[in-house]
Amino acid sequence: MRYSKLFGKTTQQAPADADSVNARLLTQGGFIQRQLAGVYNFLPLGLRVLKKIQDIIREEINAVEGQEVLMPALTQRENYDITGRSALDILFHLTGHNEAAYVLNQSHEEVVTPLVQRHTLSYRDLPVAVYQIQNKFRNEPRAKSGILRGREFNMKDLYSFHADYADLEAYYERVKAAYFKIYKRLGLGERTVIAFASGGSFSKYSHEFQTLADVGEDTLYVCESCSIGINKEIIEDQKGCPECGNEELVEKRAIEVGNIFKLGTRFTEAFGFSYTDAAGEQKPVEMGCYGIGPSRIMGTLVEVFNDEKGIIWPASVAPFKLHLLTLGMDEAVKEKAEKLYHELISEGVEVLFDDRDESAGKKLNDADLIGIPLRIVMSKRSLENGGVELKRRSEADSQIIPLSELKNHL
Ligand code: ATP
Ligand code: MG
């Protein structure tokens, strides 16, 4: 992609409404644009990052046999009446023609349960797990911290259905392991702990995945030897580390980046969803749900990987692999850079090519703000010194390498 043609450029001016590092850097970098409090546009750069996060999640959920579907955002309120959740204060209500009552889904238990019910007749159809990656709507009392807490936000939600509780428990452990892989691939593995949290009205506990960060809204008590946390909201019920009994727990702030629940029959019963077992008897269906927030994760990555100059994306989710820029107006340099750009894209390397006639300072500052992991500068001087200047965004030093060696560094 040529930076000169990219829709959504950097701006040096911090947005007046930015209440957090992620809102400021993502807006200044040209990744997102605020629509209203808690609602954001994703510009091309931002959408590339979001899609990479989603693709990592998609691969790992496919690997635990989740099947991707797409459910509607808009649903009849009646389904929430059935589960007793239409009075939830975060639910957005709409009225259609003839006073028809609709809601915007805040989660999809009310849609997925009757959907899977329609396609599940006997024990042969179980277990089954379906998921989607879609936007959720929540009338959050306070939308804040940029894309960490939105009123419209992106979620991957997986739902599993089982013939008995033991099968649900076994699958729940597989999803837990998949989640650890996801955070590792996102570059958050070392900072993310699993925490015991409230089970809502469904079970005693749920498990949250919490990325340790001072800006986090949640307070955890962490057992540092097991990397397990307990959310403050349930600490009264839990004395010491649930794994090793250690009572020396350390208080830390964290951002909730995922949450998994054993729902049991809370929703299947409400919809009368049972199945016929091998003996011909009707049995209740056991259910689990597993959420993860790609847009919140994007904000979290910016909160934990930045410096005074801008964002430092982990390679797995960076909008491009390489930021190529030319310095100076020398035509021979420009020509050589064009050639390199074409070679790289023909080999499938994702390159952002800053081909603008801007000052060196502006181009280098923009590259730091955008935060692509690898920067290649071509200038008259670099060519005289034998090639191009290579610098990693996460490191202070740069080096000159011959062009022929560039591929070894990708
Ligand atoms: P919170 O306690 O932060 O309000 P929650 O427990 O209500 O979140 P879940 O219903 O568990 O959220 O949603 C699953 C995942 O979706 C969360 O772990 C988080 O990653 C993401 N998420 C939830 N609410 C928001 C939001 N308002 N904006 C962005 N992402 C969100
Ligand atoms: Mg949660």
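Here the structure is a predicted model, which is why all the values come from computation and not from measurement.

What follows concerns the domain arrangement of the protein. The domain boundaries assigned to the protein delineate domain 1 (13-307) and domain 2 (322-409). Listed as interface residues are 8 residues of domain 1 and, on the opposing side, 4 residues of domain 2. Counting each side, the surface lost to burial between domain 1 and domain 2 is near 520 Å², with a carbon and sulfur contribution of 54%. For domain 1, the biggest contributors to the area lost against domain 2 are F31, L45 and D307; these three give 46% of the whole. D307 is the salt-bridge partner of R393, the closest N and O atoms lying 2.7 Å from each other. The interface formed by domain 1 and domain 2 includes 3 residue pairs in polar contact (both at pLDDT 80 or more). Here the side of domain 1 that touches domain 2 gets 3 residues from one element, more than from any other, and that element is helix 2 (residues 44-63). Residues belonging to the side of domain 1 that touches domain 2 are distributed by class as follows: 3 nonpolar, 2 polar and 3 charged.

So, on to the pairing of strand 7 (residues 128-137). In terms of burial, strand 7 is a largely internal element, 9 of the 10 residues being buried. Pairing between strand 3 (residues 67-68) and strand 7: 2 bridges, direction parallel. Opposite E68, over in strand 7, you have Y131 as the bridge partner.

Remark: helix 2 packs on helix 7 (residues 294-304), axes separated minimally by 9 Å, with the N-to-C direction vectors making an angle of 115°. Classed by the angle they form, the pair helix 2 and helix 7 counts as roughly perpendicular. Judged by the sense of rotation from one axis to the other, the crossing of helix 2 with helix 7 is right-handed. On helix 7, the residues that touch G46, V49, L50, I53, Q54 and I57 of helix 2 are P294, S295, I297, M298 and L301. In terms of residue class, the contact of helix 2 with helix 7 is made up of 8 nonpolar, 3 polar and no charged.

So, on to the coordination of the magnesium ion (ligand 2). Distances from the magnesium ion (ligand 2) to its protein donors, namely E256 (OE) and N259 (OD1), fall within the range 2.2 to 2.3 Å. Exposure remark for E256: the relative accessible area of 23% places this residue in the partly exposed category. Judged by relative accessible area, which is 14%, N259 ranks as buried.

Neighbouring residues of ligand 1: 13 residues in total, closest R138, E140, R149, G150 and E256. G150 has a polar backbone atom sitting 2.9 Å from a nitrogen atom of ligand 1. Within the side chain of R296, one N or O atom sits 3.0 Å away from an oxygen atom of ligand 1. Burial of ligand 1 by the surrounding chains reaches 83%, relative to a free accessible area of 590 Å².

When two helices pack together, their arrangement is given by the angle between the helix axes and by the axis-to-axis distance. Where helix 1 (residues 21-28) contacts helix 7, the axes come no closer than 8 Å and their chain directions differ by 95°. Relative to helix 7, helix 1 is oriented roughly perpendicular. Between helix 1, through V21, N22, L25 and L26, and helix 7, the contact on the second element is made entirely by M298, G299, V302 and E303. Tallied by class, the residues present in the contact of helix 1 with helix 7 amount to 5 nonpolar, 2 polar and 1 charged.

Counted under the stated rule, the structure contains 30 salt bridges. With its nearest N and O atoms 3.4 Å apart, the salt bridge here joins R34 to D17. With R34 in strand 1 (residues 32-36) and D17 in the segment before helix 1, this pair connects stretches of sequence that are 17 residues apart. Between K136 and D157 there is a salt bridge, with the nearest N and O atoms lying 2.8 Å from each other. Here D157 lies in strand 8 (residues 152-162) and K136 lies in strand 7, a separation of 21 residues in the sequence.

Conventions adopted
- Residues numbered from 1 in each chain as written.
- Chains lettered and ligands numbered in written order.
- Predicted model: local features only at pLDDT ≥ 70, side-chain atom pairs only at ≥ 80, totals over all residues.
- Heavy atoms only, no water.
- Domains from an automatic or database assignment.
- Contact = heavy atoms within 4.5 Å.
- Buried area = accessible area lost by both parts, 1.4 Å probe.
- Salt bridge = Lys/Arg side-chain N within 4 Å of Asp/Glu carboxyl O.
- Polar contact = N/O pair within 3.5 Å; in protein donor to acceptor, adjacent residues only side chain to side chain.
- Helix = DSSP H or I, 4+ residues; strand = E, 2+ residues; numbered from the N terminus.
- Nonpolar A, V, L, I, M, F, W, Y, C, P; charged D, E, K, R; others polar.
- Buried < 20%, exposed > 50% of the residue type's maximum accessible area, 1.4 Å probe, protein only.
- Pairing = 2+ DSSP bridges.
- Axes fitted to C-alpha atoms, helices over the stretch in contact; angles between N-to-C directions.
- Parallel < 35°, antiparallel > 145°, perpendicular 65-115°, else oblique.
- Left-handed = near helix turned anticlockwise from the far one by under 90°.
- Donors = N, O, S within 2.8 Å, 3.2 Å for Na, K, Ca; no water.
- Near = heavy atom within 4 Å.
- Areas by Shrake-Rupley, 256 points an atom, 1.4 Å probe, with all protein chains shown as cover.

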